[in-house]
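Residue-level listing of the chains:
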Amino acid sequence: MNQEDKTVPYTVEKAFPQIEPVITKVVETIQNGGKVVYMGSGTSGRLGVLDASECPPTFGVSPNLFTGLIAGGDTAIRNAVENAEDSQESGAKDAGQTLTEGDLLIAVAASGQTPYVIGGIKQAKKMDVPTAGVVCSDNSTISQLVDFPIELIVGEEIVQGSTRLKAGTAQKLVLNMISTISMIKSGKVYQNYMVDVQASNEKLRNRTISIIQDIADVDEKTAKTALVKCNNNLKAATLVSKFQIEPNKAFEILEAASNNLRRAMAILNEQ
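Residues numbered from 1 in each chain as written. Predicted model: local features only at pLDDT ≥ 70, side-chain atom pairs only at ≥ 80, totals over all residues. Heavy atoms only, no water.

Caption draft 1: Summary view of the side chain of Lys35. In this structure, Lys35 sits in the loop between helix H3 (16-31) and strand S1 (36-40). For Lys35, a relative accessible area of 15% puts it in the buried group. Apart from the residues lying within four places of it in its own chain, the contact partners of Lys35 are Thr29, Asn64, Leu65, Thr67, Thr98, Leu99, Thr100, Gly102, Asp103 and Leu104. (Helix = DSSP H or I, 4+ residues; strand = E, 2+ residues; numbered from the N terminus. Buried < 20%, exposed > 50% of the residue type's maximum accessible area, 1.4 Å probe, protein only. Contact = heavy atoms within 4.5 Å.)

Structure below.
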């Protein structure tokens, strides 16, 4: 299994020319106020739900910015829902109820033939919503239907037909790239720090303080004090710590910089 798994990153690398335009489209969608909708069944659907659900705590975005649709609904996240993937009508219905103008649909399907997903793509096209596809087969129906196909040709699985293996790994790597790089380009990361992380537990609160210390080059006490003054806003607390300004000033600068920490620091450096 490990020998087979080692081939997956090379397969993903070959698909870089197809992945890059999708990331560009995701950034454009987000900047224009739209959302990104992953759609799949089985393993592919669960991977979309997983990636979407991890974006809010990691990048501080709305739970709706990345949304995961899976054939069979939430029940299918934990349990197999027989025949759910076989209905184009169900896919069209789910897509129609979720998509709005300005969104982007990313279909995820190892076979490239899943009826549920095909129904969603067709509905998106009726609504003039752009579409991308992450598949693990060559020249599939889904690749032909979508605007931006990504083909990850991983080859036969060690257990024949078990696409939760190499196919699932390849899809996971690509979804990681799509969401993470688009968030980096949207200003949700400074250097390699998650500057919009939601400090929802003790581990993340400690990480927040550590990030402020590293970026602002201050001690723990200074970082903690700034964080409290800024109502747990990491970016504002970083500006307060680094530039010795008042919280109100920090929030004003962030607003002027569209909440982009790099731009805010550039403004303060110029001043």
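Caption draft 2: View of the packing of helix H12 (residues 234-243) against helix H14 (residues 261-270). For the pair H12 and H14, the least separation of the axes is 11 Å and the interaxial angle reads 25°. The angle between H12 and H14 places the two elements in the roughly parallel class. In terms of crossing hand, the pair formed by H12 and H14 is right-handed. Of the residues in H14, those in contact with Lys235, Thr238, Leu239, Lys242 and Phe243 of H12 are Leu261, Ala264, Met265, Leu268 and Asn269. For the contact of H12 with H14, a count of residues per class yields 6 nonpolar, 2 polar and 2 charged. (Axes fitted to C-alpha atoms, helices over the stretch in contact; angles between N-to-C directions. Parallel < 35°, antiparallel > 145°, perpendicular 65-115°, else oblique. Left-handed = near helix turned anticlockwise from the far one by under 90°. Nonpolar A, V, L, I, M, F, W, Y, C, P; charged D, E, K, R; others polar.)

Caption draft 3: Seen up close, the sheet that holds strand S2 (residues 66-70). Judged by pairing direction, the sheet is parallel, and its 5 strands sit side by side in the order S2-S1-S3-S4-S5 without closing on themselves. Two strands close off the open sheet at either side, each with one partner strand: S2 and strand S5 (148-151). Taking the axes of each pair of neighbouring strands and ignoring which way they run, one obtains an average angle of 15° across the sheet. Relative to strand S3 (residues 104-109), S1 runs parallel, the two sharing 5 bridges. For Val37, the partnering residue across the bridge sits in S3 and is Leu105. Contacts from helix H4 (residues 42-59) reach S1, S2 and S3 within the one sheet, and its direction differs from that of S2 by about 160°. Where helix H7 (residues 115-126) meets the sheet, its contacts fall on S1, S2, S3 and strand S4 (131-135), and the angle it forms with S3 comes to roughly 165°. (Pairing = 2+ DSSP bridges.)

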